[in-house]
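Residues per chain are reported as follows:
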Amino acid sequence: MSHKPDGDQASKLIDFIVNAPADDTLIKMDCNDCCEKITQLAEQVANGADLNEILPEMKKFMHYWGDCREEFEALVAVIQREKALENFDFADLENSSLS
């Protein structure tokens, strides 16, 4: 059974073919190989920097490569959560549950 793409899927495919960045550096960048650079970018974004200002090519790349975008956004979220918990006093939870 074949599945025909609807108009929205077809337009997304055409957009991808026509507009997806062909930046060799970004295409060759593998999260495993460039983990340190991606982590540095994620830390900057987690601290409030705008990825568009830091590396606009990466922002455009991630628009078309959803897996990369999802991993990057997850890393940013983890870093933000870790920062939020750095100063969290878990003793407050223990004290509130005792009362």
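In the block above lies the structure referred to throughout.
Definitions and cut-offs
- Residues numbered from 1 in each chain as written.
- Predicted model: local features only at pLDDT ≥ 70, side-chain atom pairs only at ≥ 80, totals over all residues.
- Heavy atoms only, no water.
- Helix = DSSP H or I, 4+ residues; strand = E, 2+ residues; numbered from the N terminus.
- Buried < 20%, exposed > 50% of the residue type's maximum accessible area, 1.4 Å probe, protein only.
- Contact = heavy atoms within 4.5 Å.
- Areas by Shrake-Rupley, 256 points an atom, 1.4 Å probe, with all protein chains shown as cover.
- 1 Å grid on protein atoms, 1.4 Å probe; cavity = no way out; pocket = protein on both sides within 12 Å on 5 of 7 lines; lining within 4 Å.
- Points joined across faces, edges and corners; volume = space filled by probe spheres on them.
- Arc of directions from axis to C-beta.
- Patch = residues over 30% accessible without salt bridge, like charges linked within 9 Å, V, L, I, M, F, W, Y side chains within 5 Å.
- Salt bridge = Lys/Arg side-chain N within 4 Å of Asp/Glu carboxyl O.
- Lys, Arg positive; Asp, Glu negative; His and termini not counted.
- Charge placed at Lys NZ, Arg CZ, Asp CG, Glu CD.

Let's shift gears to the overall build of the protein. Secondary structure assignment for the protein yields 7 helices and 0 strands. Helices and strands appear in the protein in the N-to-C order α-α-α-α-α-α-α. Considering the protein as a whole, with its 99 residues, one finds that 19% of them fall into the buried category. A separation of at least 24 residues holds for 59% of the contacts in the protein among residues at least 6 apart in sequence. With the model as given, the accessible surface of the protein reaches about 7,800 Å², and the carbon-plus-sulfur share is 52%.

With that settled, the discussion passes to the layout of surface pockets. Roughly 160 Å³ of volume is contained in the largest pocket. If you go around the largest pocket, the residues you meet are V45, D50, L51, K59, M62, H63, R69, F72, E73 and V76. Secondary structure elements with two or more residues in the lining of the largest pocket: α5 (56-64) and α6 (66-86). Take the lining of the largest pocket: its biggest share by element is 4 residues, from α6.

Turning to its location among the elements, K12 is positioned in helix α1 (residues 7-19). Residue class for K12 comes out exposed when judged on its relative accessible area of 53%. With 52 residues separating them in the primary sequence, K12 and Y64 have C-alpha atoms 9.6 Å apart.

Before going further, it helps to examine α5. Where α5 is concerned, the buried positions are M58, F61, M62 and Y64. Along the axis of α5, the buried positions cluster into a sector of 155°, meaning they face one direction only.

With that settled, consider a negative patch on the surface. Together, D67, E70, E71 and E73 give the surface a local cluster of negative charge. With respect to the secondary-structure elements, D67 resides in helix α6. On the basis of relative accessibility, which here comes to 61%, the residue D67 falls in the exposed class.

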